[in-house]
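Each chain, written out:
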Amino acid sequence: KDFVEDLLLRYKKSLNSGDKLFLESLRLWVRVLFDSFSTLTDGDEGSRALRGAIMSTLVAISDVQPHALLDHLRPMAMYLKLDSVAPEADRWVALRVLNILKSVIPIYKAARADRRLCTSMENELLNIITRQGSLLVHGAVQCLCLVVQHWTMHTQHICKLLNDSIAPAQGILQTALSGGSVENPAEIRFLCRAIYIMCSVVENVNLAAWIAAAEQPADDSEPAPSLPREALRFTVKDDVATTVAVLLEGLFSLGNSVIEGTILPCMGFFLANNRSHVKTKRMQTLVQQGLRSTLRDHVLKTLVMMGDLMTRFEHAALTETTWNSQQGLQADQSSGPSASESAAPLAVNHLNQILAVLTGTLGASQSEVNCDGQLRLAALKVLQAMDTQGLVNPYQIIPAVFSMLWYGDKIIENVAGKFIHKLLDLRPQLFLNRLDQSLVSAFGVLLQRFPGELAPGRQLPAGVSGGLCGIADLYAERFRKSKPNREKFLSCLLKELSQGGRSEVFAERFPHLAKGKKVKFSKEGKIVAGSDKLSSLDFHRLLYTQFVAAVVMALPFQFESEPLWTIYNCDRFVDLHADATVSKVEDATKGSKGKVPELGEEEDVFHICIATAAMRVIKSCLRAEYRLDEDRCQTYEPNEQKQEKAKFGLLVGDTDAGAESEKTKFNVDVYGELCEPFVVHSGDIKAMGKELGKLLSDNPWSSNTNRYLQILNKVEAGKGGRKGRGKGKGRGRGRASVEPEDELVLPTGDAESSEDEEEDPEPPAKVLKASASSRRR
């Protein structure tokens with residue numbers, strides 16, 4: 001509809017004339033389409049596809065410009081003549097014709113609708129209601145209600161439909177609640193048709209106004225449809241709408257899956273025109289039961305119903321707001337809640353359940369949910385409708401939406417990508433605040449979607465490259481332009497890499513992985529030796545670290561400071577944590593006398609080892625890809641204030657290039673080789689500490705010696721103070737404060753440069769406490 005509306009608007013502007021010429025041209029187009037449709041047959045697949053395309057185009061035009069189809073009302077009525085054995089192609093055409101009639105009938109003047117056309121259309125619509133399937137029944141009831149309201153005023157047809165559906169359904173329900181059961185297939189089929197009829201009638205007819213009009217004395221004003229209360233042959237509770245709501249609740253409680261599957265989509269028809277029932281406990285319970293159903297079809301029908309209902313409320317809210325602003329009026333509360341107020345309970349009461357369905361933790365059986373993209377797509381559309389109306393906080397839904405980028409389905413990735421860009425359009429900071437949880441949700445989706453395929457040292461499945469491209473797009477469009485923003489983004493990623501794999505943090509995020517069971521995965525493909533013997537927790541910690549590192553390497557860096565800043569922080573992690581861990585393990589080993597050394601609870605040696613391995617691979621890949629030598633990495637100052645120019649552009653795989661690779665830029669082979677010693681000795685802290693020391697000794701970390709010497713000089717000057725300042729109480733200019741992080745990083749220099757450089761003044765021995773890295777050098 002939106003595409004056709006935009007197309008017709010552009011065509012109207014190109015004509016540069018009034019509405020009359022535009023409408024005449026459009027009618028000519030419609031005539032050509034109808035002539036082409038009538039001459040085609042269903043002989044071959046090409047003809048059927050062309051007929052379907054023409055009819056879909058006519059439906060879209062009827063939604064935008066229904067006046068263009070007024071001349072074709074009679075020919076369209078011929079396609080409604082169906083018998084009980086009509087082929088599927090004829091039923092499909094009849095359904096599209098009903099969609100066109102819904103838009104054309106209200107603007108077709110009653111004077112033009114002669115008696116023969118009215119009678120013929122009423123008979124054909126009643127025939128469809130009594131003989132055809134549920135979708136045709138809903139459309140036929142809609143058109144019949146419009147014919148009665150705008151043309152014939154034959155309310156007896158509507159009254160008969162209500163009497164023939166509600167009264168027998170009440171009787172069957174009463175019998176079932178009294179101890180009987182609904183197992184007869186004929187009764188079930190009747191109830192399903194009755195549910196569609198009664199919900200479609202209350203959707204399209206204001207029965208309360210019709211009954212009130214029948215109680216008013218007749219006058220000479222324009223005739224209006226009326227319905228005497230005495231004509232209703234069923235028990236009415238308060239009003240007809242409440243009667244239908246109570247009946248739906250009772251039928252749903254019978255526990256018949258067929259009846260439940262019929263009620264769930266029909267609830268949307270009922271609630272669309274009876275907004276006061278949306279917030280009732282009765283309707284909210286039915287929606288909740290639909291979302292929590294163990295049947296996949298029931299969950300899908302509930303999500304589709306909610307999406308369609310939220311979309312209708314959105315259009316109604318736009319219409320109400322536009323009309324009230326044009327008239328200078330406030331919202332009228334006398335006729336019931338507004339569209340926005342009606343949509344709010346759906347978002348408030350069911351948001352968590354929709355998010356759980358989206359991430360695969362609630363709804364149908366796990367195997368069905370994990371492999372079904374329709375559920376995820378329907379849940380995304382519901383969230384989009386809620387966000388458009390401002391009914392949901394983006395902070396709550398960002399992780400779940402981001403995780404859909406990793407689902408491995410192009411359609412879902414496209415919808416989720418556009419949606420998350422919209423969420424971050426005005427406030428990209430929200431993603432930084434939820435980046436850790438977004439990565440956790442994405443990793444959970446990968447585990448559900450590809451069970452057994454993920455393993456340390458093995459490439460991610462080829463289908464999830466959209467996730468890497470998605471986060472690369474987010475970084476390039478929302479964060480890379482500003483240095484503070486991109487450094488915050490990279491800082492959040494590296495923080496997750498350095499802390500997200502800690503045992504207590506990981507167990508809290510993935511409690512189902514902390515049960516100690518062995519992991520089952522496919523033996524095909526390369527894998528880190530010994531990882532099959534790891535516990536479930538350690539196996540997935542190893543895998544999660546690889547996943548986050550792959551995300552870091554997927555970012556399209558354009559400025560030189562981006563890879564340099566990343567390398568600098570990788571080195572800081574090594575100096576602050578890896579070196580310290582090696583020293584603590586050595587100290588604990590000396591006093592253990594051959595026993596397993598005991599460290600503090602805050603020490604997670606296995607995590608520090610695999611995080612160090614991942615950062616070494618990141619550093620090597622960045623230096624090779626962006627052609628950074630050791631001198632440039634050592635002389636880099638993160639606080640230097642200078643205006644940067646784009647240096648790398650599309651050369652290094654900017655997302656604008658649009659190319660997807662089956663392999664990530666993170667070298668998983670090297671990562672697996674570096675992690676293998678830690679995996680083999682995963683239960684031996686002493687052995688892991690020794691292997692970590694070897695890893696640090698073999699790698700030339702880019703430590704800036706001059707920076708550390710300056711820090712040492714500040715520390716020494718601070719201790720000695722300045723002489724001759726008198727008796728002032730100030731701390732003295734010589735007493736410089738030192739950050740705690742800097743106090744821990746005190747290497748004496750690089751082995752590579754010690755021979756060629758001139759001798760520098762050696763810092764005092766009492767200040768310089770050699771770290772593990774300095775002892776190795």
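Residues numbered from 1 in each chain as written. Predicted model: local features only at pLDDT ≥ 70, side-chain atom pairs only at ≥ 80, totals over all residues. Heavy atoms only, no water.

> Would you explain helix H13 (residues 281–291) in this entry?
At 3.6 residues per turn, the α-helix brings residues three or four places apart onto the same side. Turning to H13, its buried residues number three or more, namely Met 283, Gln 284, Leu 286, Val 287, Gly 290 and Leu 291. Down the axis of H13, the smallest arc covering the buried residues is 160 degrees, so these residues share one side. (Buried < 20%, exposed > 50% of the residue type's maximum accessible area, 1.4 Å probe, protein only. Helix = DSSP H or I, 4+ residues; strand = E, 2+ residues; numbered from the N terminus. Arc of directions from axis to C-beta.)

> Honestly, the environment of Gln 384 in this entry has me stumped. Any pointers?
Of note, Gln 384 is situated in helix H17 (residues 373–388). Gln 384 sits in the partly exposed class, given a relative accessible area of 26%. For the pair formed by Gln 384 and Ala 416, sequence separation is 32 residues and the distance between their alpha carbons is 9.6 Å. With residues up to four places along the chain from it excluded, the contact list for Gln 384 reads Val 415 and Phe 419. (Contact = heavy atoms within 4.5 Å.)

> Whenever I open this one, the environment of Leu 346 confuses me. Can you help?
Note on placement: Leu 346 falls in helix H15 (residues 339–359). Residue class for Leu 346 comes out buried when judged on its relative accessible area of 1%. When residues no more than four places from it in sequence are discounted, the contact partners of Leu 346 are Val 278, Gln 284, Met 306, Leu 309, Met 310, Phe 313, Leu 351 and Met 386.

> Looking at this structure, I do not really get the packing of aromatic side chains. What am I missing?
Aromatic ring pairs are defined here through the distance separating the ring centres and the angle between the ring planes. What the rule picks out here adds up to 23 aromatic pairs. Summarising the aromatic geometry, the rings of Tyr 475 and Phe 489 are spaced 5.1 Å apart at their centres and angled 50 degrees between planes, so their arrangement reads as tilted. Placement of Tyr 475 in helix H22 (residues 465–479) and of Phe 489 in helix H23 (residues 483–499) is noted, with a sequence separation of 14 residues between them. Given the relative accessible area of 0%, Tyr 475 is considered buried. Ring centres of Phe 479 and Phe 489 lie 5.0 Å apart, and the angle between their planes is 40 degrees; on these two criteria the pair is classed as tilted. Highlighted residues: Phe 479 in helix H22 and Phe 489 in helix H23, separated in sequence by ten residues. With relative accessibility at 2%, the residue Phe 479 sits in the buried group. On the basis of relative accessible area, Phe 489 is assigned to the buried category, the value being 0%. (Phe/Tyr/Trp six-rings, centres within 6.5 Å; stacked < 30°, edge-to-face > 60°.)

> Please explain the side chain of Glu 124 as it appears in this structure.
Inspection of the secondary structure assignment puts Glu 124 in helix H6 (residues 115–131). Buried charge without a partner: Glu 124 forms no salt bridge, and the closest opposite charge is Lys 81, 4.8 Å away. Excluding residues that lie within four positions of it along the chain, Glu 124 makes contacts with Leu 80 and Lys 81. (Lys, Arg positive; Asp, Glu negative; His and termini not counted. Salt bridge = Lys/Arg side-chain N within 4 Å of Asp/Glu carboxyl O.)

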